[in-house]
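Close look at the chain arrangement
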Amino acid sequence: PIASTIPPSTATTGVPKLPIKSFPKCFLAKPKLRLFPKSEQWLYPYPAAIGEKAFYGCENLRAIVLPAGLNEISRNAFENCTALKDVTFSKDIYCISELAFSNTGITDVVISSNDYCYIFEAAFKGCKELESVRLENGVEYVGMNAFLDCPKLKTIYLSKSVSSFEDNAFNGCDNVTFELVKNSKAYKYIKDYTDFNFEVVEELSFFERIIEFFRSL
């Protein structure tokens, strides 16, 4: 099996980016990148970004832990990693690009950010096993068709920080129940401009409501 071999100087100081097409389809002959013996996870020390199509089509990749310091997942980075079910996102993430996790086996998505995070077009399109999504504090933007063609998707939680959407950001989510923060921008968008099912699970505080009022003027 293939091992993740990082030169000592790189492992201690980190690297700015995994290049485009770093390991495309490298799992077709049943190799594994291992963090621990018999583990099927992959952990890369301190990268700032994962390049375009870096792991495209790695069909045996099952789990990934994206470490602190990782800021960007480029377009198509894990597309067609069909066995990939478990992804732990870094709270330093600020960009999940187009088709980054399209057509993977991921079952749930939980994303939060210490600063901000944008989810771009079709980032999770075609994830046939995806059942729940939580876009927690720090996530601000959702691009078009972000969760298109995810037939098992049942719930999407939108935190109070989610404030900007493309008009068709939630195309294909007709059977989804949205979990919302009352009086947030996401609440007003889903309530006033869509026919989606939703339920209120939190409320803005008094001071947060005042801030939202003045921002809307």
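It should be noted that the structure appears before, not after, this text.
To keep things clear, this report deals only with the structure shown in the data block. (Residues numbered from 1 in each chain as written. Predicted model: local features only at pLDDT ≥ 70, side-chain atom pairs only at ≥ 80, totals over all residues. Heavy atoms only, no water.)

A few words now on the pairing of strand 10 (residues 139-142). Two elements, strand 8 (residues 117-119) and strand 10, share 3 bridges in a ladder whose sense is parallel. Across the sheet, residue Ile119 finds its bridge partner in strand 10, namely Val142. Relative to strand 12 (residues 164-165), strand 10 runs parallel, the two sharing 2 bridges. Following the sheet pairing, Tyr141 is matched in strand 12 by Ser164. (Pairing = 2+ DSSP bridges. Helix = DSSP H or I, 4+ residues; strand = E, 2+ residues; numbered from the N terminus.)

This part is about the nonpolar core. If you look at the biggest cluster of nonpolar residues, it comprises 51 residues, and the most contacted ones within it are Phe78, Ile111, Phe124, Phe147, Leu158 and Phe170. Of all elements in the fold, only strand 7 (108-111), strand 8, strand 9 (132-135), strand 10, strand 11 (155-158), strand 13 (177-182) and helix 2 (185-193) reach the threshold of two or more residues within this core. In terms of residues, this core owes the most to one element, helix 2, which gives 4 residues. Those residues within four positions of Phe78 in sequence are excluded, and the remaining contacts are Ile50, Phe55, Leu61, Ile64, Ile73, Leu84, Ala100, Phe101, Ser102 and Thr104. (Core = buried A, V, L, I, M, F, W, Y, C linked by side-chain atoms within 4.5 Å. Buried < 20%, exposed > 50% of the residue type's maximum accessible area, 1.4 Å probe, protein only. Contact = heavy atoms within 4.5 Å.)

Here the focus is the environment of Ala68. Here Ala68 shows up in the loop between strand 3 (63-65) and strand 4 (72-73). What makes Ala68 exposed here is its relative accessible area of 54%. Considered as a pair, Ala68 and Ser90 are 22 residues apart in the sequence and their alpha carbons are 5.3 Å apart.

A few words on the sheet that holds strand 10. Reading across from one edge, 2-4-6-8-10-12 is the order of the 6 strands in this open sheet, with parallel pairing throughout. With partners counted over all chains shown, the strands left at the sheet margins are strand 2 (49-50) and strand 12, one partner each. Relative to strand 8, strand 6 (residues 95-96) runs parallel, the two sharing 2 bridges. Note that in strand 8 the partner of Cys95 across the bridge is Tyr118.

Summed over all chains, the structure comprises 16 aromatic pairs. Ring plane angle 75° and centroid distance 6.1 Å describe the contact between Tyr118 and Phe120, whose orientation is recorded as edge-to-face. Residue Phe120 is classed as partly exposed on the basis of its relative accessible area of 25%. Relative to Tyr141, the ring of Phe120 has its centre 5.6 Å away and its plane inclined at 55°; by these criteria the two rings are tilted. (Phe/Tyr/Trp six-rings, centres within 6.5 Å; stacked < 30°, edge-to-face > 60°.)

Any functional reading would require information that these geometric values do not contain.
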